[in-house]
Amino acid sequence: MVYNFKVFKKCAPNGKLTLYVAKRDFVDHITTVEPIDGVVLLDEEYVRGRKVFGQVVCTFRYGREEDEVMGLNFYKELFLASEQIYPPPEKRSYELSRTQERLMKKLGETAHPFHLTVPAGAPGSVTLQPGLEDEGEPCGVHYYIKLFVGDSEIDRSHRRSTIALGIRKVQYAPSKPGPQPCTVVRKDFVLSPGQLELELTLDKQLYMHGETVAVNMSVRNHSNKVVKKIKANVVQSVDVVLFQNGQYRNVVASIETQDGCPLQPGSSLQKVLHLSPTLASNRDKRGVALDGQLKRADTTLASTTLLLEPEQRDAFGIVVSYSVKVKLYLGALSGELVAELPFILMHPKEGRAKVIHADSQADVEMFRQDTVHHQESIEVY
């Protein structure tokens, strides 16, 4: 029996280097990050007497390209990992993966493996949705693997002998869900007896993308005020850590109702509100945080950013969180009563990787050759 496994392939514009990787999503387990490994096929005559380097580059764009005038630059590059691939080291410090073993057997002696390690705490892949009229690369954090021929790892690479393949650093939902979110808020009124009480409960803390958030709401009106309207929102909070005032909020799902209103003094109300935070209903909103996007692939709203310690935020990162906010409207003079509950929105963990057997066949997805970094006039795929 023959088993197929998928690999991604990309060639340098001059055809002398070819990159093969088994996947483009690398999982952040909070304390560690999956190693980035693959195989490079080299033209021995071309690289003889030269060196080939592999790097993991994190790019952080915090301003629009069209605003970059008179030398102003809203763009940072972080080189998180670097390794000399050719000539190969005398002794490897890592074991080859099954995919690397099979690819090297199929490609021959001119194939060389690489193994790059991203430090824990590096920022996650997040894209900020541009406006409909915006042009150029969107703001956000992006990753790519860079392979090039040069004399040293800090040598300026030539575009014709350079490969850049876009990848993503992702997090998946934790295996153990947290406690059920619940809160109670009360409001007193000047010169009026009694309180207005609002209790909110979510059916769980952890939601997957595409699921509906059920908000259980209980209102007890012990005051002499009247509740006239109820509004509930799912709020996406975005913190661009680089800026002191880089925090802002997006409403990604909303519902407004007068069912059960007006709620008279001495009355109570039990209600369940359903909210569906999806990208489909937010495609026209600038600044909404999305999961890092690869070309030829669709994306979703950004997943919640999980941190080992709240203080350990990378200066070039974008931290995303979600909450449900319910507001009771009491009229112009009596004001409002607001309650807010945080929750986690993520993708489920992927299934276990397929076992690669000795008689496997590679399903290769190829990318165009006109690639590398925009500062070197080459595009990352």
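The protein appears in an unreviewed UniProt entry as Arrestin homolog isoform X1 from Bombyx mandarina. The heading Sequence similarities (unreviewed entry) in the UniProt record of the protein holds the text "Belongs to the arrestin family."

Draft legend 1. Region of the structure containing the sheet that holds strand β11 (residues 182-189). Spatially, the four strands line up as an open sheet ordered β11-β12-β14-β17, and their pairing is antiparallel. Edge positions in the sheet fall to β11 and β17 (268-275), since each of these pairs with one other strand and no more. Within the sheet, the average angular offset between the axes of one strand and its neighbour, ignoring direction, is 15°. Note: β11 against strand β12 (residues 192-202), eight bridges, orientation antiparallel. Along β12, the bridge assignment pairs T183 with L200.

Draft legend 2. Fine view of the pattern of salt bridges. In this structure the tally under the stated criterion is 17 salt bridges. For E336, the salt bridge goes to K327, with nearest N and O atoms at 3.8 Å. Each of R64, E133, D134 and R286 takes part in salt bridges that share partners, so that together they form one network.

Draft legend 3. The packing of aromatic side chains, seen in detail. Counting across every chain of the model gives six aromatic pairs. Here the aromatic rings of Y62 and F74 are separated by 6.0 Å at their centres, their planes lie at 75°, and the arrangement is edge-to-face. One end of the pair, Y62, is in the loop between β5 (51-61) and β6 (75-86); the other, F74, is in the loop between β5 and β6, and 12 residues separate them in sequence. The ring centre of F148 lies 5.3 Å from the NZ or CZ of K146, which sits over that ring. In this structure, K229 is placed above the aromatic ring of Y329, and the distance from its NZ or CZ to the ring centre is 4.6 Å.

Draft legend 4. Quick look at the pairing of strand β14 (residues 213-221). Most of β14 sits out of view: seven of its nine residues are buried. In the sheet, β12 pairs with β14 via seven bridges, with the strands oriented antiparallel. In the sheet register, L198 faces β14, and the bridge partner there is V219. For β14 and β17, the ladder comprises eight bridges, and the chain directions are antiparallel. If you follow N216 over to β17, its bridge partner there is V272.

Draft legend 5. Representation of the nonpolar core within the structure. Judged by nonpolar contacts, the single largest core of 75 residues is most densely connected at L198 and M217. Here this core gets six residues from one element, more than from any other, and that element is strand β19 (residues 318-329). Residue assignment places this core across two domains, with domain 1 (5-171 + 351-367) and domain 2 (182-346) each supplying three or more. Residues within four places of L198 in sequence aside, it is in contact with T183, V184, V185, M217, S218, V219, V326, L328, L337 and A339. If you look at the next biggest cluster of nonpolar residues, it comprises seven residues, including Y20, L103, M104 and A111.

Draft legend 6. Looking closely at the environment of S321. Position of S321 among the secondary structure elements: in strand β19. Judged by relative accessible area, which is 32%, S321 ranks as partly exposed. If near-sequence neighbours (up to four positions away) are discounted, S321 is found in contact with V235, Q236, S237 and T304.

Draft legend 7. Geometry of empty space enclosed by the protein. Overall, the coordinates contain one cavity of 30 Å³ or more when judged by the stated rule. Of the pockets and cavities examined, the largest cavity occupies roughly 40 Å³. Considering the residues around the largest cavity, the lining is formed by F26, V33, I36, V118, Y143, I167, R168 and K169. Among the residues forming the lining of the largest cavity, the class breakdown is six nonpolar, no polar and two charged.

Draft legend 8. Quick look at the side chain of H142. As for its position among the elements, H142 is in strand β9 (residues 140-150). Engagement of the side chain of H142 in a polar contact is seen with the side chain of T127, the distance being 3.2 Å. Beyond its immediate chain neighbours, meaning those up to four positions away, H142 contacts V57, C58, T59, V126, T127 and E137.

Draft legend 9. Region of the structure containing the domain arrangement of the protein. Examined at the domain level, the protein breaks down into domain 1 (5-171 + 351-367) and domain 2 (182-346). A C-alpha centroid distance of 38 Å is found between domain 1 and domain 2. For the pair domain 1 and domain 2, the summed buried surface comes to about 2400 Å²; carbon and sulfur atoms form 61% of the total. Its largest share of buried area at the contact with domain 2, domain 1 owes to F60, Q129 and Q171, together 28% of the area lost on that side.

Draft legend 10. Local environment of unusual backbone geometry. The omega angle of the peptide bond from Y86 to P87 is -10°, so this bond is cis rather than trans. Residue P262 is reached from C261 by a cis peptide bond, and omega for that bond is 0°. The residue P262 is located in the loop between β16 (247-257) and β17 in this model. In this structure, I30 takes a positive phi of about 75° despite not being glycine. Structurally, the position occupied by I30 is in the loop between β3 (25-27) and β4 (36-42).

Quick notes on the rules
- Residues numbered from 1 in each chain as written.
- Predicted model: local features only at pLDDT ≥ 70, side-chain atom pairs only at ≥ 80, totals over all residues.
- Heavy atoms only, no water.
- UniProt positions renumbered as here; feature names shortened; annotations may be inferred.
- Pairing = 2+ DSSP bridges.
- Helix = DSSP H or I, 4+ residues; strand = E, 2+ residues; numbered from the N terminus.
- Axes fitted to C-alpha atoms, helices over the stretch in contact; angles between N-to-C directions.
- Salt bridge = Lys/Arg side-chain N within 4 Å of Asp/Glu carboxyl O.
- Phe/Tyr/Trp six-rings, centres within 6.5 Å; stacked < 30°, edge-to-face > 60°.
- Lys NZ or Arg CZ within 6 Å of the ring centre and 35° of its normal.
- Buried < 20%, exposed > 50% of the residue type's maximum accessible area, 1.4 Å probe, protein only.
- Core = buried A, V, L, I, M, F, W, Y, C linked by side-chain atoms within 4.5 Å.
- Domains from an automatic or database assignment.
- Contact = heavy atoms within 4.5 Å.
- 1 Å grid on protein atoms, 1.4 Å probe; cavity = no way out; pocket = protein on both sides within 12 Å on 5 of 7 lines; lining within 4 Å.
- Points joined across faces, edges and corners; volume = space filled by probe spheres on them.
- Nonpolar A, V, L, I, M, F, W, Y, C, P; charged D, E, K, R; others polar.
- Polar contact = N/O pair within 3.5 Å; in protein donor to acceptor, adjacent residues only side chain to side chain.
- Buried area = accessible area lost by both parts, 1.4 Å probe.

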